Amino acid sequence: MISVLICSINADLSNKVRKNIVETIGVPFEILCLDNTIEKKGICQVYNELAKKAQYPYLCFLHE
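Residues numbered from 1 in each chain as written. Predicted model: local features only at pLDDT ≥ 70, side-chain atom pairs only at ≥ 80, totals over all residues. Heavy atoms only, no water.

**Description of unusual backbone geometry**
Here comes step 1: We note that Lys-40 has phi near 50°; this positive angle belongs to a residue other than glycine.
Here comes step 2: Topologically, Lys-40 is positioned in the loop between β2 (29–35) and α2 (43–53).
Here comes step 3: Given the relative accessible area of 62%, Lys-40 is considered exposed. (Helix = DSSP H or I, 4+ residues; strand = E, 2+ residues; numbered from the N terminus. Buried < 20%, exposed > 50% of the residue type's maximum accessible area, 1.4 Å probe, protein only.)

Structure representation (structure tokens):
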């Protein structure tokens, strides 16, 4: 039961990370990803926004 929060600036790498997570995580999960190439928000702001949307109690913050 993990919410994976991704601040993305590279769609190709983001897709690779998603694929890897799906194939290997082994527990219930969700992936919340924000494309930060347009608004270019600070990473903490992005993570806070995604954390508010998370449905699971364990949060994993990463970027590709």
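Let us keep going from here.
**Points about the pattern of salt bridges**
In a structure, side chains of opposite charge can pair up when their charged atoms sit close to one another.
Here comes step 1: Counted by the stated rule, this structure contains four salt bridges.
Here comes step 2: Linking Glu-23 and Lys-19 is a salt bridge whose minimum nitrogen-to-oxygen distance equals 2.7 Å. Residue Glu-23 and its partner Lys-19 are located together in helix α1 (residues 11–24), separated by four residues, close to a single helical turn. Per residue, the accessibility class of Glu-23 equals that of Lys-19, and both read exposed.
Here comes step 3: Between Glu-39 and Lys-41 there is a salt bridge, with its nearest N and O atoms 3.6 Å apart.
Here comes step 4: Via salt bridges that share partners, Glu-39, Lys-41 and Glu-49 belong to a single interconnected network. (Salt bridge = Lys/Arg side-chain N within 4 Å of Asp/Glu carboxyl O.)

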